Amino acid sequence: MDRRDFLHGATMTAAGGAAALIAEGAAPARAQAQVPAGAATAMAGEPRMRRYDEQRWVLDNVIRSVGLDWDQPRTIYWNAPIGFEGLADFAAIRQRVQKYADITPAFEATARRREAKAVEAEKEGDTVTARENYYMATIHWGAAQWPIDENSEKNILCNTKKRECFGKYAALADHKIEAVWIPFQGKQLPGWLHLPYGYSGGRVPAVVAIPGMDSFKEGGVALYGDRWLNRGLAVLAIEGPGQYECPVLGIYMSVPAWAEAAKAFYEFAAARPEIDPQRIGVVGTSFGSFAGTITAGAEPRYKACAVSGTALEPGWNTVFNEASPTFKKRFMYMANIQDEAKFDAFAKSLTWEGYAEKIRMPYLCIGGEADELSPIENAERCVKAIPGPKRLVIYQDSRHSVGGVPAAALGPSPTGLQADFMAAALSGKTFPSERWFVDATGRITKTAI
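Residues numbered from 1 in each chain as written. Predicted model: local features only at pLDDT ≥ 70, side-chain atom pairs only at ≥ 80, totals over all residues. Heavy atoms only, no water.

**Quick look at the overall build of the protein**
Helices and strands together make up the secondary structure of the protein, namely 17 helices and 10 strands. For 449 residues, the compact-globule estimate of 2.2 N^0.38 gives 22 Å, and the protein sits close to it at 21 Å. Dimensions of the protein along its principal axes, counting C-alpha atoms only, are 55 × 50 × 45 Å. Buried positions account for 61% of the 449 residues belonging to the protein. Long-range contacts, defined here as pairs at least 24 residues apart, represent 76% of the contacts in the protein between residues at least 6 apart. As displayed, the protein has an accessible area near 16,500 Å², and 53% of this comes from carbon and sulfur atoms. Counting 50 positive and 51 negative side-chain charges, the protein places the averaged centre of each group 3 Å from the other. (Helix = DSSP H or I, 4+ residues; strand = E, 2+ residues; numbered from the N terminus. Rg over C-alpha atoms; globule rule 2.2 N^0.38 Å. Buried < 20%, exposed > 50% of the residue type's maximum accessible area, 1.4 Å probe, protein only. Contact = heavy atoms within 4.5 Å. Areas by Shrake-Rupley, 256 points an atom, 1.4 Å probe, with all protein chains shown as cover. Lys, Arg positive; Asp, Glu negative; His and termini not counted. Charge placed at Lys NZ, Arg CZ, Asp CG, Glu CD.)

**Observations concerning the sheet that holds strand S1 (residues 177–184)**
In spatial order, the strands read S1-S2-S4-S3-S5-S6-S7-S8-S9-S10; together these 10 strands make up an open sheet with mixed pairing. In this open sheet, the two edge strands, each paired with only one partner strand, are S1 and strand S10 (444–448). Averaged over all adjacent pairs, the angle separating strand axes in this sheet is 20 degrees, with direction ignored. Examined bridge by bridge, strand S5 (residues 275–285) and strand S6 (residues 304–308) share five bridges and lie parallel to one another. Note that in S6 the partner of Gly284 across the bridge is Val307. Along the sheet, helix H17 (residues 414–426) contacts strand S3 (204–210), S5, S6, strand S7 (363–368), strand S8 (390–395) and strand S9 (434–438); its crossing angle with S6, the most-contacted strand, is approximately 175 degrees. (Pairing = 2+ DSSP bridges. Axes fitted to C-alpha atoms, helices over the stretch in contact; angles between N-to-C directions.)

**Let's talk about the environment of Met361**
Of note, Met361 is situated in the loop between helix H14 (340–347) and S7. In this structure Met361 touches Ala296, Glu299, Pro300, Tyr302, Lys303, Ala304, Cys305 and Pro389, once residues within four positions along its chain are discounted.

**Focus: helix H5 (residues 87–96)**
Residues three or four positions apart in an α-helix share a direction because the helix packs 3.6 residues into each turn. The complete set of buried residues in H5 reads Asp89, Phe90 and Ile93. In a view along the axis of H5, the buried residues occupy a sector of 90 degrees, so they form one face of it. Opposite the buried face of H5, by more than 90 degrees, sit the exposed residues Ala88 and Gln95. (Arc of directions from axis to C-beta.)

**Here's the deal with the environment of Phe431**
Note on placement: Phe431 falls in the loop between H17 and S9. Given the relative accessible area of 12%, Phe431 is considered buried. Separated by 27 residues in the primary sequence, Phe431 and Gly404 place their C-alpha atoms 28 Å from one another. If near-sequence neighbours (up to four positions away) are discounted, Phe431 is found in contact with Pro362, Pro389, Arg391, Phe421, Ala424 and Ala425.

**Comments concerning the pairing of S8**
Along S8, six of the six residues are buried, which leaves the element largely enclosed by surrounding structure. For S7 and S8, the ladder comprises six bridges, and the chain directions are parallel. Paired with Gly368 across the two strands is Tyr395, which belongs to S8. With helix H15 (residues 376–385) bridging S7 and the parallel S8, this β-α-β connection has right-handed handedness. Taken together, the five bridges between S8 and S9 define a ladder with parallel strand orientation. Bridge pairing in S9 links Arg391 to Glu434. (Right-handed = clockwise from strand over helix to strand, strands pointing away.)

**A look at the nonpolar core**
Counting 116 residues, the largest nonpolar core has Met253, Phe287, Trp316, Phe331, Leu350 and Tyr363 as the members making the most contacts within it. Per-element accounting of this core gives the leading share, 12 residues, to helix H10 (residues 255–271). Excluding residues within four positions of it along the chain, Leu350 makes contact with Met253, Val255, Phe290, Glu313, Pro314, Gly315, Trp316, Phe320 and Phe331. Val235, Tyr395, Ala408 and Leu426 belong to the second-largest nonpolar core, a separate cluster that totals 29 residues. (Core = buried A, V, L, I, M, F, W, Y, C linked by side-chain atoms within 4.5 Å.)

In short, shape yes, function no, at least from these values alone.
Shown next, in the form of structure tokens:
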């Protein structure tokens, strides 16, 4: 079958399945990780998408041929915050996963093994080993959630175990971590507040960190040597409307919801005694580049915005209709829309237009020249619309997940560049508006915007 035939499919109207019964799970009080009482919710069932339903056999054959990272290098970016010890886990999982249905069981089994190691180490008083394994178990529980696009018992179980393990890790971590809940539309958005290494008082700069569609807040700060904490920044790692835990809590994706959440995140961070309200930035990756741009446009009190892995195509046609069908199905779950025709109408509202034009703070956008999910010309358009100081950095030959090409290896590290920009902006440094092109030799060509 031709790849385009696989990627394209006609839309259809489909009725949602029966609502799943949700059981709330308790988490350890010592890490303040509890889900608020009554927060869990039922939804109308798993979204139905014609291209996914009719061509599932093609998807399974692609995974069997290409592997677990058929659409994104997720085992790399899930492994990145863990470090070296996670390599063996992900190598074994890649071998085990031969079809889409294998993903959740493979990660769940690994999560249980790591959690058991953590429990045993904690009993023995080996707190470092315990915290490392609790963190690794957290990442695997979160990864096990990813293919589940409904509030099923399995999704709730994985979410509960993810929070439990991260709460136990937080109690043993090498820096202060607190579970936080941000008031929003009568509900509460979930987050984890991380303070810099060695924090001993006073107000510090901070970032509100927005993950991608396939990522989750618990992986937003690395187990060791985190790029934000190392630069003296606090991190409010959140999930906004529609992201990961939020559909479980009955909080769904829309652009107006994100614009409202932008203010809620800022006001929560600014009210914390550890955070300087004049030095709060917003950062995001992939979906977070879209949500981060909305956030910066909706709330002018943020000091800076830095995003990477662009998802800036208005309407998201490429990712929904030309990429793996799992992206669209996942987003339907995020928006709580089971009918594909209704979702196609909703997708037209997914645009930065009307928000980018309001951004006057320093803005960094890092993208790949060969972005297969959001053609780079959309980032060019978005950045051009921003009236404030801006820097667009494009890596030659890179795909959506920026990296894995000579430009990223020989030029500035994309993650380091993002962190350095944000740290400098929060310290008051000013920037000229420029477009950077990082070529395959690592050379940077700068032109004025």
